[in-house]
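# Structural features, examined
Here's the letter readout for the chains.
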Amino acid sequence: MPTVELRFSALPEHVRTARLVAAAVARRAGVDEAVLDEVRLAVGEACLRAVGLHQHNGLSGPVRVVLTEEEKKFSIEVGDDAPTVPGHVPAARSTAETHPDPDGDGNAHGPGGDESDIDDEMGLAVISGLVDDVEVTAGESGGTIRMSWPAAPAAAGS
């Protein structure tokens, strides 16, 4: 199971590099050429979200991207160190469309929502629209967005 791990300072200018690396590794893993733009866009959104969370929370740790090539699947995990606000429900699981306002108070991100919360929700919505298999987890020590796409192993000798 070949894996590429990328860590970068939480700066927007590094997101482009993460997108390029993700596309190159996805291509090598056998992800369909027609899907590579979706991979690039989804990784860009996930990385921008992580950068924004780090900057909003004053965190100095790196954003983590792990790209894993499995037998019939290519997966990407984008991790951040931003702690979850108590009572906050991550919005982008497959249930994002069914629970856009978990508290029923008009804030998509729960109490105390602000513009960065709206950006966060928009980024998660874009990712959910681009990736069929996506899971968002969050905890006190940070969060992870896991995305995967079908992949066909490269033919021998190519």
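To be clear, the structure that these remarks concern was listed above.
Structure report, in brief. One numbering rule holds for all chains: residues counted from 1, following each sequence as written. Restriction of local features to residues with pLDDT of at least 70 applies here, the model being predicted, together with a cutoff of 80 or more for giving and counting side-chain atom pairs; totals for whole chains, interfaces and linings are based on all residues. Working from all heavy atoms in the structure, the side-chain values ignore hydrogens and water.

### Concerning a negative patch on the surface
Patch construction takes residues with relative accessible area above 30% that form no salt bridge. Like charges are linked within 9 Å, and nonpolar side chains (Val, Leu, Ile, Met, Phe, Trp, Tyr) are linked within 5 Å. In this description, accessible areas are obtained by the Shrake-Rupley approach with a 1.4 Å probe, and a residue is regarded as covered only by the protein chains that are shown. For salt bridges, the criterion is a side-chain nitrogen of Lys or Arg within 4 Å of an Asp or Glu carboxyl oxygen. Only four residue types enter the charge count: Lys and Arg as positive, Asp and Glu as negative, with His and the chain ends excluded. We put the charge of a Lys on NZ, of an Arg on CZ, of an Asp on CG and of a Glu on CD. On the surface, Glu38, Asp132, Asp133 and Glu135 cluster together into a negatively charged patch. Looking at the secondary structure, you find Asp132 in the loop between helix H3 (115-130) and strand E4 (133-139). According to the relative accessible area criterion, Asp132 is exposed, its value standing at 79%. The numbering of helices and of strands both runs from the N terminus, where a helix is a DSSP run of H or I of at least 4 residues and a strand a run of E of at least 2. Think of it in three bands: residues with accessible area under 20% of the maximum for their type are buried, residues over 50% are exposed, and the middle band is partly exposed, with areas taken using a 1.4 Å probe on protein chains only.

### Here's the deal with the side chain of Ser75
Tracing the backbone shows Ser75 in strand E3 (residues 73-80). Assessed through its relative accessible area of 14%, Ser75 is described here as buried. In contact with Ser75, other than residues within four places in its own chain, are Val66, Leu67, Thr68, Glu70, Met147 and Ser148. It only takes one pair of heavy atoms within 4.5 Å for two residues to be counted as in contact.

### A short note on the pattern of salt bridges
Where side chains of opposite charge bring their charged atoms close, a pairing between them can arise. The tally for this structure, following the rule as stated, stands at seven salt bridges. Note that Arg7 and Glu5 form a salt bridge whose closest N and O atoms lie 2.9 Å from each other. You can call Glu5 partly exposed: its relative accessible area is 48%. Note that Asp80 and Arg49 form a salt bridge whose closest N and O atoms lie 3.8 Å from each other. Note that Asp80 is positioned in strand E3 and Arg49 in helix H2 (residues 36-56), a separation of 31 residues in sequence. As far as the burial class goes, Asp80 and Arg49 line up, both buried.

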